[in-house]
Every structure is written in C-alpha cells, then in structure tokens.
Amino acid sequence: MSEFLIQAALYLGAGLIAVPLAMRFKLGSVLGYLLAGLCIGPALGLVSETEDIQHFAEFGVVMMLFIIGLELEPRVLWQMRTRLLGLGGLQVTVTAGLVALGVSLLGYDWRTALAIGLIFSLSSTAIVLQTLNEKGLMATSGGRASFSVLLAQDIAVIPMLALLPLLALTPDVVGAPDGSIMRPAQASDHASGHHGASLVAGLPGWGVTLITLSAIGAIVLVGRYFTHPLYHLIARTRLRELNTAFALFIVVSIAVLMNMVGLSPALGAFLAGVVLANSEFRHELESAVEPFKGLLLGLFFITVGAGIDLGLLASAPLTILGLTLAMIFLKGAVLFTLGWVFKLRERAHWLFTLSLAQAGEFGFVLITFAQQTEVLLPSMAQLLLLIVALSMLITPLLFIAYERLTHRLGDMEHPEPDEISAQDKVIIAGIGRFGQIVNRMLQAAGMTATVLDNDLETIRLMRSFGFKGYYGDPTNPGLLEAAGIEEAKVLVVAIDDDDAALKLVAYARRLRPDLHIIARARDRVHTYKLVRAGASQTVRETFDSSLRAGRYVLQAMDVAEFDAYEHEKAFYRHDRHVLHELSELWDPDVPISQNKAYIERARELEREVETQIVAAAEKEANPR
C-alpha cells in the first residue's frame, strides 16, 4: 500500500508542478502532463512499470468519449455522415495505404507493413480533443472536421482489431533487411502473449458478428428503456454520491461488456452517450463524470511521457526522430490534401492538418494486440511504441505552430454555426440579459424557444446550466431558415447591435408579413427605427425597470401603494401615446435638435403629461 501511495503522490505532484508551468508559458496542459511523465519516468527514474497505471488511466479516454456522445444526438450524427464516412474513411484508408507502401519499400513483409499502416493511420483522440476544447477551437470548421475524423478513426478500430489476427506472421517470414535498426528479433524472440478472456474467442465469423451486434443492441436497449427508471429511483434518494456512482457504473459496465466481445470500450461508451443524449438527466451524468475524465486523462498523458524508452531513443536518435517526423509529414500531407478536397481553407485547413498528424493512444492498443497475435515482433513493437509516444509528445508543438501561423494570417477563425436540431414557434435572437429573462419566462410557462446568439461563450454558459441554445449569426438568412422562421409565430429580437437588430427586423418582415416581431430598443430613436423596419412591438431596455423604480420612489414618499401603481400605469399609457405621435414627426434624415416640429410637439406633450396622469390615476382610483 505504501508503495502505491508513493507512486500516486509522484504522479499527482509531477502534474501539479509541470502543468501550471506549461500553462504559464502558453504551452498547453497536455504538453505539461507529457513533460511531467518524461521527468519522473525515463529522466529521473522515479517511476517504472507504467503499463498497469496506463490501463487504468485509459478510462479517461473512455469517459471523454462518453461525454462527447452525451453532447451529440443521433440526428446530428446522421448529419455528419459525409465527413465521417468520406473525410474520415478516406483519411484512414489513404494514410494506412501510403504508410504500408513506404514500409514495404524498406523491405518488410506486406502483412507487417499493413499492420504498421493501420497503427499510424490513427490520431490521438485524447490530446486533440483536450487541446481543441482548451483553446476554444472545437466549434471552428477545422475543429469540427478534426472531430469527425477522430470519430471515424475510433469506429475503424473495430475492423482493425478483427483484421490483425489474419495478418499473423509465419516463422519463415523475415521482417526487415539485414543491417536495419528495425531488424526484427529472431523467431525465439516472438511474443508469447495470450488473448484475454473473450466471449468471441474460438467462434466462427458469424458467431462473432452475432455477439458483437447483441452487445451493441444491449447498450441501446438498456440506455433507452432501463436507465431512466433507475435514475429516477436514485434521484429520489437525494444523495449526490449515488448520482456519481450511477454514472461511473454505466461507464465501467460498458467497458467490461466491450472487452468481453473484443470491441473498443471507448466506442461503446460513445454509443451509450449518444443513446442518452436526449435524456433529461444527461447534464447530471456529464457533471458527475467530468472530474474523473479530466484527472484520468491527465494521468494517461503522464504515463505516455513516463513510458518513453530513452535507452532505445539514445541508441539511434537521428533515425528514430527521422522516422517519427517522416510519419508526421506523410500523415500531414494526406490530411492537407483531403482538407483541400473537402473545401477546408486557410486557418481551418491548417488546424485540420496539424492537429491530426500524430499517432494516437489507440496505436498502443493495436501494437500490443498485434504483438500478441504475432503480427509484429517484440523489437518492432517497442520501436513503434516509441514513435507513437514521440509523435504525441510533438503534438502540442504542432498546435503552437498553428497559432503562430494563424497569427500571421490575421484574426482567428470564427466558429461555424451550430446545426439546429429543433424548431419552435418562438425564436429568440440574442440571449443576453434581456433575452435570458424572456426565455426563462417561456420555460416557466411550459413553452420552448429556439435561441440564437453569435457569442459562443454565452451559448456555452447557457448549456452548462441546462438551457439549449445555438451558436450563429441571427441575421444570417440560412440560420434563420434552419431555426424555422418560415413556420414561427413570434420572433424576439434582443440583439445588442442596433444596426443588426434593424437588419433582422426588416428581413423578417419582408419574409413573413404575418410574423409577430417583438424587438428590444436601446432608446426612443432606436424604437422609431424598429417600428418603421416592421417591429410589431418594441420594448426599451430600461423603460420598464425605470417605471418600477419610479413607483418605488413614490411609495417611499408616502404615496399609497395602490396610488403609486396607478400612477405607473397612467405614465406607461401616456408614454406609449407620446411615442406613437412623435414617431410620425421623426425624420431619420434630420437631427432631432434641428427638427422644430418634433421639438415643439414634444414640449406640448410634456406639459400635458402631469395633468393627464393625475386625471387618469384619479379615474382609476374612483371609477364612479
């Protein structure tokens, strides 16, 4: 126990020291974790035998994909099918083919070459998604394209695991030409590893397929029909720790099931997340898993750094670094070409290319499995593990290169608009303080609205509190069409930008003469403009609150509460009348200070206001 506690303290302490330093120098948390592992592992020799801890830490990857699944809906996945199958499928296929061709030219057997190609076709889901989220790049077109490819790669792990045993080497196969640093060990050096316990071991192909489909079906059925009543039962206890235990139980159970049928636990967790994406308790699940995900991912990155074999690297540093950079360059060339074909440009193109050019954590899984199934010899497996780890260590530097490059190109890329998954009869454009109150009042009344805003941080903050909103420019006709402007009954314009609000009101009125448009106005002049643009009703942003403040002042001056309330209502009616009358005299081409008719009538109305308000208030108080 004491040894375990010492190891735990070393890992946690290394992370606590290295990550803040890395963040201080704007290197990113991932590079900090990797350097922490490199220091306590091969550099100082404080930890050893990281494999067991790495298996434990890989749960961070599983939890990350579970959370990603919770953020998606099946309909959104269907909308991503072109990039998943097209961009992602081509990336895996082309990269694997070119790497296999290159390895074959070095004199290796085609089976070994193909296995290496499959391993290097995968990128690091953990590092890339962590960095994209950390730097706020996930919502950009380049970030979304990268996510699509990573998801396609994770799915591709399944057929890869099925294919690798078919590539097993025979004893007479020589893996590399003599004299190469990558010369495989003799036949006696072959791995003697065995397969773990699996339900599919020894079954024919149709049996494997049947059990695999049954496992996936079980996840879908349990997620859809059994988790809901179980969660409600747990929620009644009002014990927060049971919510956490329930979330962890889901993730761990899926991992066990996927391991039993020989599938990727991460993919199973992602599928479960997608199934639960529409559930009412998905936010509770996400908040329960999030702290464990972050800690385990950090631990995983530390174990990657600690597992780097400096001895092997020191034996031929130029060759090994050259192979690592060659792999990154080849993979980057494939990504750059595919990004251009799929119409990614400028910043998005470079982000897509540089973020995915490394090998990934699933490469460790494939290398180990390939060694166990005698597809790779131990010496080759050790070399590949080192190349994968080095490429992951270089990845944060590639993101730094991206930032330097985009700095030269100018301002950072604006995120792509969200895909709108629901349409309502009410559309709220702008979700600042004004729009939030409108939205909350609707929800309190049991109604829903489609919320649009071009402030990504505001949308993210909304989502963290369980409110649904979509990022995008509300004045964009395409986004309005996706939000259901053709069928909506009410449009609430609560945009901060006065000109953008006028543009939106005018466009919506031209498109839908029958649409009820309620617009927030900054002041009286803005109100005139909105009315002429087509607003059905306007609300000045401080007018109602000022009315209430005035009523409180009257009450503080010993005016009876009822009388103060009647004064407030009378002033409101008079102001609406004044606003309507003066709007007829307002001329947008003439400054108000030079509009004599407007000024004269405003003075007359102001002199009338006291008499009218008092008379109206007395009439309300004494109707007879």
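Not measured: the values here are computed from a predicted model.

Enquirer: Tell me about the packing of helix H2 (residues 29-43) against helix H13 (residues 282-306), residues and numbers included.
Expert: Remark: H2 packs on H13, axes separated minimally by 6 Å, with the N-to-C direction vectors making an angle of 45°. Regarding the angle of H2 to H13, the classification is oblique. Once H2 is placed against H13, the crossing between them reads as right-handed. On the side of H2, the interface is formed by Val-30, Tyr-33, Leu-34, Ala-36, Gly-37, Leu-38, Ile-40, Gly-41 and Pro-42, while H13 contributes Gly-298, Phe-301, Ile-302, Val-304, Gly-305 and Ala-306. Of the residues that constitute the contact of H2 with H13, the class distribution is eleven nonpolar, four polar and no charged.

Enquirer: Would you mind going over unusual backbone geometry in detail, with residue names and values included?
Expert: Excluding glycine, residues mostly carry a negative phi; peptide bonds, for their part, are mostly trans. Positive phi, normally seen in glycine, also occurs at Arg-238, with a value near 60°. Relative to the helices and strands, Arg-238 resides in the loop between helix H10 (205-235) and helix H11 (240-260). Classification of Arg-238 by relative accessible area gives exposed; the value is 77%. A positive phi is found at Glu-346, a non-glycine position, where the angle reads about 50°. Its place among the elements puts Glu-346 in helix H16 (residues 346-355).

Enquirer: Could you give an account of a nonpolar patch on the surface, naming the residues involved and the relevant values?
Expert: Together, Leu-90, Val-94, Leu-98, Leu-101 and Leu-105 give the surface a local cluster of nonpolar side chains, amounting to about 440 Å² of exposed area. Along the chain, the position of Leu-101 falls in helix H6 (residues 81-105).

Enquirer: Account for the confidence of the model for the protein chain, naming residues and giving values.
Expert: In the predicted model, the protein chain carries a mean pLDDT of 81, and 85% of its residues have values of at least 70. For residues 173-196, every residue scores under 50 in pLDDT, and the model assigns this stretch 42 contacts once sequence neighbours within four places are set aside.

Enquirer: Now, about H16: what can you tell me, with residues and values included?
Expert: Where burial is concerned, most of H16 is hidden: eight out of the ten residues are buried. Inspection of H16 places Arg-347, Ala-348, His-349, Leu-351, Phe-352, Thr-353, Leu-354 and Ser-355 among the buried residues, and these make up the whole buried set.

Enquirer: Help me get a handle on the pattern of salt bridges, residues and values and all.
Expert: Summed over the entire model, instances satisfying the criterion amount to nine salt bridges. Residues Asp-109 and Arg-111 are paired through a salt bridge, measuring 2.9 Å at the closest nitrogen-oxygen approach. With respect to class, Asp-109 is no different from Arg-111; both count as buried. Where Lys-293 meets Glu-290, a salt bridge forms, and the shortest distance between an N and an O atom there is 3.0 Å. Here Lys-293 pairs with Glu-290, and both are found in helix H13, just three residues apart, close to one helical turn.

Enquirer: Explain H6 to me, using residue names and the numbers behind them.
Expert: Compared with an ideal rise of 1.5 Å per residue, which puts 25 residues at 36 Å, H6 spans 35 Å between its outermost C-alpha atoms and is within 8% of the ideal. Among all positions of H6, only Leu-84, Gly-86, Leu-87, Gly-88, Gln-91, Val-92, Thr-95, Ala-96, Val-99, Ala-100 and Val-103 are buried.

Enquirer: Go over the environment of Phe-399, please, and point to the residues and values.
Expert: By the secondary structure assignment, Phe-399 is in helix H18 (residues 378-409). Phe-399 gets classed as buried once you look at its relative accessible area, which sits at 1%. As for Phe-399 and Leu-27, which are separated by 372 residues in sequence, their C-alpha atoms are 8.9 Å apart. If sequence neighbours within four positions are ignored, Phe-399 has contacts with Val-128, Thr-131, Leu-132, Lys-135, Leu-351 and Ser-355.

Enquirer: So, the pairing of strand S1 (residues 426-429): which residues are in play, and what are the values?
Expert: Both faces of S1 are covered, namely the face carrying Val-426 and Ile-428 and the face carrying Ile-427 and Ala-429. Relative to strand S4 (residues 490-493), S1 runs parallel, the two sharing four bridges. Bridging from a neighbouring strand, Ala-429 pairs with Val-493 of S4. Bridge count between S1 and strand S2 (residues 450-453): three bridges; the pairing is parallel. Note that in S2 the partner of Ile-427 across the bridge is Thr-450. Each parallel crossover has a hand, and for S1 linked through helix H19 (residues 433-444) to S2 it is right-handed.

Enquirer: An account of the packing of H6 against helix H9 (residues 141-163) is needed here, citing residue identities and associated values.
Expert: It is at 8 Å that the axes of H6 and H9 come closest, and there the two elements cross at 70°. Comparing their axes, H9 and H6 come out roughly perpendicular. In this structure, H6 meets H9 at a crossing whose hand is right-handed. Counting all contacts with H6, which are made through Arg-83, Leu-84, Leu-87, Gly-88, Gly-89, Gln-91 and Val-92, the residues of H9 involved are Ser-141, Arg-144, Ala-145, Ser-148, Val-149, Leu-151, Ala-152, Gln-153, Ala-156 and Met-160. A per-class count over the contact of H6 with H9 returns nine nonpolar, six polar and two charged.

Enquirer: Which residues make up the environment of Asp-497, and what values go with them?
Expert: Tracing the backbone through its elements, the reader meets Asp-497 in the loop between S4 and helix H22 (498-511). Look at Asp-497 and you get partly exposed, because its relative accessible area is 42%. Separated by 3.0 Å, the side chain of Asp-497 and the backbone nitrogen of Asp-499 make a polar contact.

Enquirer: Provide a residue-level description of the sheet that holds S2, including the pertinent values.
Expert: If you trace the six strands from one edge of the open sheet to the other, you get S3-S2-S1-S4-S5-S6, paired in parallel fashion. Every interior strand has two partners, whereas the edge strands, strand S3 (470-471) and strand S6 (537-540), have only one. Here S4 pairs with strand S5 (residues 516-521) via four bridges, running parallel. Pairing of Val-492 across the sheet is with Ile-518, part of S5.

Basis of the calculations
Starting afresh in each chain, residues are numbered from 1 along the sequence in its written order. Per-residue local features are limited, in this predicted model, to residues with pLDDT of at least 70; the limit for side-chain atom pairs, both in listing and counting, is 80 or more; totals at the level of whole chains, interfaces and linings are taken over all residues. Side-chain metrics rest on all non-hydrogen atoms present in the structure, leaving aside hydrogens and water. Axis angles are defined between N-to-C directions and span 0 to 180 degrees, where every axis is a line fitted to C-alpha atoms and, for a helix, only to the segment in contact. We count a stretch as a helix when DSSP gives it H or I for four or more residues in a row; a strand needs E for two or more, and each element gets its number in order from the N terminus. Roughly parallel means an angle under 35 degrees; roughly antiparallel means over 145; roughly perpendicular covers 65 to 115; every other angle is labelled oblique. Here a crossing is called left-handed whenever its near helix is offset anticlockwise from the far helix by less than a right angle, and right-handed whenever the offset is clockwise. Contacts: residue pairs with any heavy atoms within 4.5 Å of one another. Under this grouping Gly is polar, as are all residues other than the nonpolar Ala, Val, Leu, Ile, Met, Phe, Trp, Tyr, Cys and Pro and the charged Asp, Glu, Lys and Arg. When accessible area is computed with a 1.4 Å probe and restricted to protein chains, residues below 20% of their type maximum are described as buried, those above 50% as exposed, and intermediate ones as partly exposed. Each patch groups residues whose relative accessible area exceeds 30% and which form no salt bridge, using 9 Å between like charges and 5 Å between nonpolar side chains of Val, Leu, Ile, Met, Phe, Trp and Tyr. Exposure was quantified through the Shrake-Rupley algorithm and a 1.4 Å probe, taking into account, for residues, occlusion by the shown protein chains and nothing else. A pair is scored as a salt bridge if a Lys or Arg side-chain nitrogen falls within 4 Å of a carboxyl oxygen belonging to Asp or Glu. The predictor reports its confidence for every residue as pLDDT, a score running from 0 up to 100. Here the expected span of a helix is defined as 1.5 Å times the quantity of residues minus one. Strand pairing is defined by DSSP finding a minimum of two bridges between the two strands. Handedness of a crossover is defined as follows: with both strands directed away from the viewer, a clockwise route from the first strand across the helix to the second makes it right-handed. Two N or O atoms form a polar contact when they lie within 3.5 Å of each other; inside protein one atom must be a possible hydrogen donor and the other a possible acceptor, and for residues adjacent in sequence the pair counts only when both atoms belong to side chains.

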